[in-house]
Amino acid sequence: MSTHNEYSAPVRFLVGKRVYLRPLGQDDVDFYYHSLYSSDTRKLTGTQKHFTREQIEQYFESKRQDSASVLLAIALCENDEVIGDVQLGDIDTFNRNAYIRIAIHQPAYQSKGYGSEALLLMLDYGFGILNLHRIELNVFAYNDRAIHTYEKLGFQREGVQRQALFYNHAYHDSILMSMLAEEYRERYVK
């Protein structure tokens, strides 16, 4: 016989060793809202616009309705604390490609491997379940830590979008990177 407590625990959609991915819900609106006003998060993601809580709620709802997008919270396995989010977006089922983006919102959880594990969970889902052929991302040239992580995971540089972002009184390049299904499988599927 099941108890109510079993159903109040967070759903764990994709599970790794230290993090799991789950759908974002109304309980996550405040976390997401406050994270968007972190100066670190704004710089690393290139966020320039301001948002209200209501806009965040509408964004979550639109993503739940969007069949071309999978937006998930990144939570710690040990205590269910949400530390970021990861998304596969613009999923093109004809050409079998999509983009991926990730944000670990608090510096205390950055550079500890949580983002790499979350990316690998989402890549495995994209290549192994959604049958994607190509997953791409954009990263700003000043984000050396992310570039290093993406290269370590197996993403290949494809090109540079010169001066694509105007942030803090200067233009910055955006680097386009991608991974193909066969590259993922060769590296991670045994």
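Before reading on, note that the structure itself is shown above.
Given the structure is predicted, the values throughout are model-derived calculations rather than measurements.

*Asks:* How would you explain the overall build of the protein chain if you had to name every residue and give the values?
*Replies:* From N to C terminus, the protein chain includes seven helices and eight strands. Relative to its length of 190 residues, the protein chain is compact, with a C-alpha radius of gyration of 17 Å against a globular reference of 16 Å. The principal-axis extents of the C-alpha atoms in the protein chain amount to approximately 60 × 45 × 35 Å. Within the protein chain, the proportion of its 190 residues that are buried is 43%.

*Asks:* Provide a residue-level description of the pattern of salt bridges, including the pertinent values.
*Replies:* Where charged atoms from two side chains of opposite charge approach closely, those side chains can pair. Counted by the stated rule, this structure contains ten salt bridges. Asp 28 serves as the salt-bridge partner of Arg 22, at 2.8 Å between the closest nitrogen and oxygen. Of the two residues, Arg 22 and Asp 28, neither departs from the other in class, the shared state being buried. Glu 151 is paired through a salt bridge with Arg 157; the nearest N and O atoms lie 2.6 Å apart.

*Asks:* Give a detailed account of helix H6 (residues 144–153), specifying residues and quantitative values.
*Replies:* For H6, the complete set of buried residues consists of Ala 146, Ile 147, Thr 149, Tyr 150 and Leu 153. Buried positions in H6, seen along its axis, are confined to an arc of 165° and lie on one side of it. Turned more than 90 degrees away from the buried face of H6, the exposed residues are Asp 144, His 148 and Lys 152. Buried residues in H6 make contact with strand S5 (97–104), helix H5 (114–128), strand S6 (134–140), strand S7 (156–167), strand S8 (170–180) and helix H7 (181–188). Positive backbone phi, approximately 115°, marks Gly 154, located one or two places after H6.

*Asks:* For the sheet that holds S7, give the residues involved together with the corresponding values.
*Replies:* Reading across the sheet, the eight strands line up as S1-S2-S3-S4-S5-S6-S8-S7 and stay open at both edges, with mixed pairing between neighbours. Every interior strand has two partners, whereas the edge strands, strand S1 (14–15) and S7, have only one. Looking at chain direction, S5 and S6 are connected through three bridges and run parallel. Following the sheet pairing, Ala 98 is matched in S6 by Ile 135.

*Asks:* So what's going on with the packing of H5 against H6? Residues and values would help.
*Replies:* Two elements in contact, H5 and H6, have axes separated by 11 Å at closest approach and are oriented at 45°. Judged by the angle between their axes, H5 and H6 are oblique. Our pair here, H5 against H6, has a crossing hand that is right-handed. Contact residues: Ser 116, Leu 119 and Leu 120 in H5; Thr 149, Tyr 150 and Leu 153 in H6. Its residues placed into classes, the contact of H5 with H6 shows four nonpolar, two polar and no charged.

*Asks:* Report on the pairing of strand S3 (residues 70–76), specifying residues and quantitative values.
*Replies:* The buried fraction of S3 is high, at seven of seven residues. Going residue by residue along S3, you find Val 70, Leu 72, Ile 74 and Leu 76 tucked away on one face and Leu 71, Ala 73 and Ala 75 tucked away on the opposite face as well. Alignment of strand S2 (residues 19–23) against S3, held across five bridges, turns out to be antiparallel. Across the sheet, Pro 23 pairs through a bridge with Leu 72, a residue of S3. Here S3 pairs with strand S4 (residues 82–92) via six bridges, running antiparallel.

*Asks:* Give a description of the packing of aromatic side chains that names residues and reports values.
*Replies:* Here the structure, examined in full by the defined rule, presents ten aromatic pairs. Plain terms: the ring middles of Phe 127 and Tyr 184 are 5.3 Å apart, the flat faces sit at 35° to each other, and that makes the pair tilted. In this pair, Phe 127 sits in helix H5 while Tyr 184 sits in helix H7, placing the two residues 57 residues apart along the sequence. We note that Phe 127, like Tyr 184, is buried. Through successive ring pairs, a cluster of aromatic residues spans Tyr 32, Tyr 59 and Phe 60.

Here is what the cut-offs are and how they apply
- Residues numbered from 1 in each chain as written.
- Predicted model: local features only at pLDDT ≥ 70, side-chain atom pairs only at ≥ 80, totals over all residues.
- Heavy atoms only, no water.
- Helix = DSSP H or I, 4+ residues; strand = E, 2+ residues; numbered from the N terminus.
- Rg over C-alpha atoms; globule rule 2.2 N^0.38 Å.
- Buried < 20%, exposed > 50% of the residue type's maximum accessible area, 1.4 Å probe, protein only.
- Salt bridge = Lys/Arg side-chain N within 4 Å of Asp/Glu carboxyl O.
- Arc of directions from axis to C-beta.
- Contact = heavy atoms within 4.5 Å.
- Pairing = 2+ DSSP bridges.
- Axes fitted to C-alpha atoms, helices over the stretch in contact; angles between N-to-C directions.
- Parallel < 35°, antiparallel > 145°, perpendicular 65-115°, else oblique.
- Left-handed = near helix turned anticlockwise from the far one by under 90°.
- Nonpolar A, V, L, I, M, F, W, Y, C, P; charged D, E, K, R; others polar.
- Phe/Tyr/Trp six-rings, centres within 6.5 Å; stacked < 30°, edge-to-face > 60°.

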